[in-house]
Amino acid sequence: MDAVSQVFAMVAAAIHLVVWPLESFLYGHPRVRYLLTGNTADAPEVRLWRFNVGFYNLFLALGLVTGLVLLHTGHSSAGRPVILYIAAFMVAGGTTLVVSEPKLWRGALGQAVPAAVILLTEAF
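These notes cover the structure that comes with them.

About the cut-offs
- Residues numbered from 1 in each chain as written.
- Predicted model: local features only at pLDDT ≥ 70, side-chain atom pairs only at ≥ 80, totals over all residues.
- Heavy atoms only, no water.
- Helix = DSSP H or I, 4+ residues; strand = E, 2+ residues; numbered from the N terminus.
- Rg over C-alpha atoms; globule rule 2.2 N^0.38 Å.
- Buried < 20%, exposed > 50% of the residue type's maximum accessible area, 1.4 Å probe, protein only.
- Contact = heavy atoms within 4.5 Å.
- Areas by Shrake-Rupley, 256 points an atom, 1.4 Å probe, with all protein chains shown as cover.
- Lys, Arg positive; Asp, Glu negative; His and termini not counted.
- Charge placed at Lys NZ, Arg CZ, Asp CG, Glu CD.
- Phe/Tyr/Trp six-rings, centres within 6.5 Å; stacked < 30°, edge-to-face > 60°.
- Expected span 1.5 Å × (residues − 1).
- Polar contact = N/O pair within 3.5 Å; in protein donor to acceptor, adjacent residues only side chain to side chain.

**Observations concerning the overall build of the protein**
Move 1: When helices and strands are counted, the protein shows five helices and zero strands.
Move 2: Listed N to C, the secondary structure of the protein is α-α-α-α-α in terms of helices and strands.
Move 3: In terms of overall size, the protein behaves like a compact globule, its C-alpha atoms giving a radius of gyration of 15 Å where 124 residues would be expected to give roughly 14 Å.
Move 4: Scored against the burial criterion, the 124 residues of the protein give a buried share of 34%.
Move 5: When contacts within the protein are restricted to residue pairs at least 6 apart in sequence, those whose partners lie at least 24 apart make up 64%.
Move 6: Carbon together with sulfur atoms contributes 71% to the accessible area of the protein, which is approximately 7200 Å² in total.
Move 7: Each charge class in the protein was averaged separately, 7 positive and 6 negative side chains, and the resulting centres sit 7 Å apart.

Shown next, in the form of structure tokens:
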């Protein structure tokens, strides 16, 4: 796996690690809600959903980190597929987000673009 793919795997992991506590623990703050949704209105009924989605982001990030660790410890035949699968998952998730709610395009770009770079650099 080339250096560009690995750097973007780290970028994608970092984005998802930052979003994890925002969604899971800090969503009650109006500024966080605005950052994530473009709206400061609270929706307490989505608290459990947001908590779960935040941890989803954590697990995606940890998957990329695991893939990178595998790459750098002599297990590239396992690390590369893990990274590619999670990158594809992130692109699909970002695409789903923007299709389902176009006003969340910034979040969709943050989720999908670094992962798309991984897939594109590995494809060519």
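Following the structure, the description resumes.
**Overview of the packing of aromatic side chains**
Move 1: Under the counting rule described, the total for this entry stands at eight aromatic pairs.
Move 2: With 6.0 Å between their ring centres and 75 degrees between their planes, Trp20 and Phe25 make a pair best called edge-to-face.
Move 3: Overall, the relative accessible area of 24% leaves Trp20 in the partly exposed class.
Move 4: For the pair Phe25 and Phe55, a centre-to-centre distance of 5.9 Å together with 80 degrees between the ring planes defines the contact as edge-to-face. With a gap of 30 residues between them, Phe25 in the loop between helix 1 (3-24) and helix 2 (30-37) and Phe55 in helix 3 (residues 47-72) connect regions that are remote in the sequence.
Move 5: For Phe55, a relative accessible area of 21% gives the class partly exposed.
Move 6: Here the aromatic cluster, defined as three or more aromatic residues joined through ring pairs, consists of Trp20, Phe25, Phe51, Phe55 and Phe59.

**Notes on helix 3**
Move 1: Here helix 3 spans 38 Å end to end across 26 residues, near enough to the 38 Å set by a 1.5 Å rise per residue.
Move 2: When we look at burial in helix 3, the residues that qualify are Arg50, Gly54, Asn57, Leu58, Leu60, Ala61, Gly63, Leu64, Gly67, Leu68 and Leu71.
Move 3: Immediately downstream of helix 3, the backbone of Gly74 shows phi near 85 degrees, a positive value.

**A look at the side chain of Arg33**
Move 1: Along the chain, Arg33 falls in helix 2.
Move 2: A distance of 2.8 Å separates a polar side-chain atom of Arg33 from the backbone oxygen of Thr40.
Move 3: Arg33 has contacts with Tyr27, Gly28, Gly38, Asn39, Thr40, Ala41 and Asp42, leaving out every residue within four places of it along the chain.

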